[in-house]
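Letter by letter, the chains look like this.
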Amino acid sequence: MNLPINQIILGDSLAILKTLPSDSVDMVFTSPPYNCGNTGKNKDMYAFYGDDLSDDDYFTLLNDSLKESLRLCKGLVFFNLNFMRNNTRVIFKWLNENSDIFKDIMVWDKNKVQPPIGNILGKRAEFIFIFSKTDAEINDFRQNKAHKYKHLFGSWLSNVLQLGLNTDKTDAKIHRAGFPVELPAIFIDMYTKEGEIVLDPFVGCGATALAAKSLGRKFIGIDLNNEYCEVSRRRLKQDSLI
């Protein structure tokens, strides 16, 4: 399969990723489903996707997605996830399984507490897990990669990012679990160069693709939901992307 540059692809992400050539993208930034379940406040979290896999099936989704992302990516792979009542065991197992390629973890402080779902604490923060199959540089003690973002990270690129959800322009009525365009934009800006390729295998309503385009990067987005793909394509046609 030819590399689908600057396209939003409808289909199963794992099936599509397996058709792409190794070392063909420069960065992966994505947020897989959290496996929150499909009851109560979580009902219809994702259209056409129940988000209620068994532990084994959810582990397979995370692990295979990561392995394919690493095969395709020459640089860093970022997975945005959060611990929920239904996924904690699996995420810890997944991290242990991939400890050799796990590089670091960042706390995304959203500056707003979201009500708890189940017998857990309210969620003010999420986590960004960083992986690489190489010694790709995460930080440089000689030069602050986040010098433009001191208001978000502190005086140096740190393991806490303070970015409020009030910056989100995702259509929450369509995709309740979308993240703000500014989130992937920060990492794309710090870790890629103009013209390089950013992949999001769970692109949702297109935040990563929008961020990449706005920064002069190329993008590949994949999603199982046709409505999300159409929203992404529509947003990418707008003049103002962020």
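Residues numbered from 1 in each chain as written. Predicted model: local features only at pLDDT ≥ 70, side-chain atom pairs only at ≥ 80, totals over all residues. Heavy atoms only, no water.

A. How the structure looks around the pairing of strand 3 (residues 77-81). Counting buried positions along strand 3 yields 5 of 5 residues, so the element is predominantly enclosed. Burial along strand 3 is two-sided: Val 77, Phe 79 and Leu 81 facing one way and Phe 78 and Asn 80 facing the other are all buried. By the bridge criterion, 3 bridges tie strand 2 (residues 27-30) to strand 3 in an arrangement that is parallel. Across the sheet, Phe 29 pairs through a bridge with Phe 78, a residue of strand 3. As judged from the 5 bridges shared by strand 3 and strand 5 (residues 123-131), these two strands associate in the antiparallel manner. Within strand 5, the position partnered with Asn 80 by the bridge is Ile 128. (Buried < 20%, exposed > 50% of the residue type's maximum accessible area, 1.4 Å probe, protein only. Helix = DSSP H or I, 4+ residues; strand = E, 2+ residues; numbered from the N terminus. Pairing = 2+ DSSP bridges.)

B. A look at the nonpolar core. Counting residues in each nonpolar core, the largest one holds 36 residues, and the members touching the most others are Phe 153, Leu 161 and Phe 187. Of all the secondary-structure elements, those providing two or more residues to this core are strand 2, strand 4 (102-114), strand 5, helix 4 (150-153), helix 5 (182-191), helix 6 (207-214) and helix 7 (226-236). With 7 residues, the top contributor of residues to this core is helix 5. Apart from residues no more than four positions distant in its own chain, Phe 187 is found in contact with Met 27, Phe 29, Phe 78, Met 106, Ile 128, Leu 161 and Thr 192. Ranked by size, the runner-up nonpolar core spans 34 residues in total, among them Val 25, Leu 70, Leu 72 and Phe 129. (Core = buried A, V, L, I, M, F, W, Y, C linked by side-chain atoms within 4.5 Å. Contact = heavy atoms within 4.5 Å.)

C. Structural detail: the pairing of strand 4. Bridge count for strand 4 against strand 5 is 8 bridges, and the pairing is antiparallel. Each residue of the ladder has a partner; that of Phe 102, found in strand 5, is Phe 131. Here strand 4 pairs with strand 6 (residues 160-162) via 3 bridges, running parallel. Bridge pairing links Val 107 to Val 160 in strand 6.

D. A look at helix 3 (residues 88-97). All of the buried residues in helix 3 are Val 90, Ile 91, Trp 94 and Leu 95. The buried residues of helix 3 all sit within an arc of 130 degrees when viewed along its axis, so they share a single face. Seen from the buried face of helix 3, the exposed residues on the opposite side, beyond 90 degrees, are Arg 89, Phe 92 and Asn 96. If you follow the buried residues of helix 3, they end up packed against helix 2 (55-72), strand 3, strand 4 and strand 5. (Arc of directions from axis to C-beta.)

E. Summary view of the pattern of salt bridges. Taken as a whole, this structure holds 10 salt bridges when the rule is applied. Across the pair Asp 23 and Lys 133 runs a salt bridge, and its minimum N-O distance is 2.6 Å. Note that Asp 23 is positioned in the loop between helix 1 (13-17) and strand 2 and Lys 133 in the loop between strand 5 and helix 4, a separation of 110 residues in sequence. Among the residues examined, Lys 133 registers a relative accessible area of 38% and is labelled partly exposed. (Salt bridge = Lys/Arg side-chain N within 4 Å of Asp/Glu carboxyl O.)

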